[in-house]
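Close look at the chain arrangement
Residues per chain are reported as follows:
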Amino acid sequence: SKVLVKILQEFVGKQRLPMLLVEQPALIQNRSGFSARGAGALGLSFLGRDHTYALDEQMRPNWPVIEAFCDKYAGQPVLLFGFTFMVWQCLLEPLRERGLQLPLTQGILFHSGGWKKLQHLAVDNPAFKARCRDQLGLGRVHNFYGMVEQVGSIFVECEQGHLHAPVFADVQVRDPLTHQPLGIGSPGLLQVLSAIPGSYPGHSLLSEDLGVLLGEDDCPCGRHGRYFHVAGRQHGAEVRGCSDTFQ
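The following paragraphs examine the structure supplied in this document. Chains are numbered independently. Their residues run from 1 in the order of the written sequence. The predicted nature of this model means local features are confined to residues of pLDDT at least 70 and side-chain atom pairs, given and counted, to a pLDDT of 80 or more, with totals for whole chains, interfaces and linings taken over all residues. Think of the side-chain values as coming from all heavy atoms in the structure, minus any hydrogens and water.

**Concerning the overall build of the protein chain**
Selection rule: Helix numbering and strand numbering both begin at the N terminus, where a helix is a DSSP run of H or I of at least 4 residues and a strand a DSSP run of E of at least 2. Only protein chains enter the calculation, and the probe is 1.4 Å; a residue is then buried if its accessible area is under 20% of its type maximum, exposed if over 50%, and partly exposed in between. Note on definitions: a residue-residue contact is assigned when non-hydrogen atoms from the two residues lie within 4.5 Å. Residue exposure ignores everything except the shown protein chains as possible cover, and the areas themselves are Shrake-Rupley values with a 1.4 Å probe.
Looking only at helices and strands, the protein chain has six helices and eleven strands in total. When each of the 247 residues of the protein chain is scored for burial, the buried share is 47%. For the protein chain, the share of sequence-separated contacts (at least 6 apart) that also reach a separation of at least 24 residues comes to 67%. If you sum the accessible surface of the protein chain, you get close to 12000 Å²; carbon and sulfur atoms cover 52% of it.

Take a look at the structure:
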């Protein structure tokens, strides 16, 4: 939790902002059925205050709650979090259907998770950001890459659209067949490395995600370290993910 907060403070500062979670309240309150999705939402919630849940128990937008949040913090910096698929399916799409927009021009959205079970609905990153700008008024949208098997070590997208390795972690790209390390520009399997795990062997994990290393220490955003792009899952990999646990 401490490392997660340290990484994200680089993008939001140290002040805890009012937070709107694109989730239902029962996800975190009901610990008996706690999931990877719940753990992800709980971890990000440390960054905010006045936690407000945008969805009801049926995973539909709770319009009175959303409107009250927007009115209360109109013109102020706020923080939003949701898994990518759920932000799209449970907030952006209902807003589009109703022809509504939210005045969150000072908001910062962190989102994560892919479209593993719903490839036919998948939208690319620019289209997702455009919808967030048009319907939520957001000028700052940051995707991040990570996994519950190596919780705390996340790779956040910078203003240039690149995922960055933080000082607590690193990333390597390996040939899918030989597992030999690959250089900049060569696509392969992502291996994530972390200095955090101390209670289980989670320091080095070879994922089933495909990606490409874009560079090191020379991103136009000014941040040092390796930066990369995630292309998706390896063909034939088991389908699983935080945002897709909602049926």
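**Side note on the pattern of salt bridges**
Test applied: Every case where a carboxyl oxygen of Asp or Glu lies within 4 Å of a side-chain nitrogen of Lys or Arg is listed as a salt bridge.
Across all of its chains, the model carries eleven salt bridges by this definition. A salt bridge links E93 to R96, with the shortest nitrogen-to-oxygen separation between them at 3.0 Å. Of the two residues, E93 and R96 are both situated in helix 5 (residues 84–98); the distance of three residues between them amounts to about one turn of the helix. Among the charged side chains, a network of salt bridges with common partners joins E10, E159 and R223.

**Concerning helix 6 (residues 125–136)**
Stated precisely, the cut-off is as follows: In this scheme, a helix's expected span is set at 1.5 Å multiplied by one less than its residue total. The arc in question is formed by the directions pointing from the helix axis toward the C-beta atoms.
The terminal C-alpha atoms of helix 6 lie 16 Å apart, and with twelve residues this matches the ideal 16 Å at 1.5 Å per residue to within 8%. Among the residues making up helix 6, those that are buried are F128, R131, C132, Q135 and L136. Taken around the axis of helix 6, the buried residues stretch over an arc of 100 degrees, which confines them to a single face. On the buried face of helix 6, the contacting elements are helix 5, strand 4 (107–112) and strand 5 (140–145). G137 occupies a position one or two residues after helix 6 and carries a positive phi of about 75 degrees.

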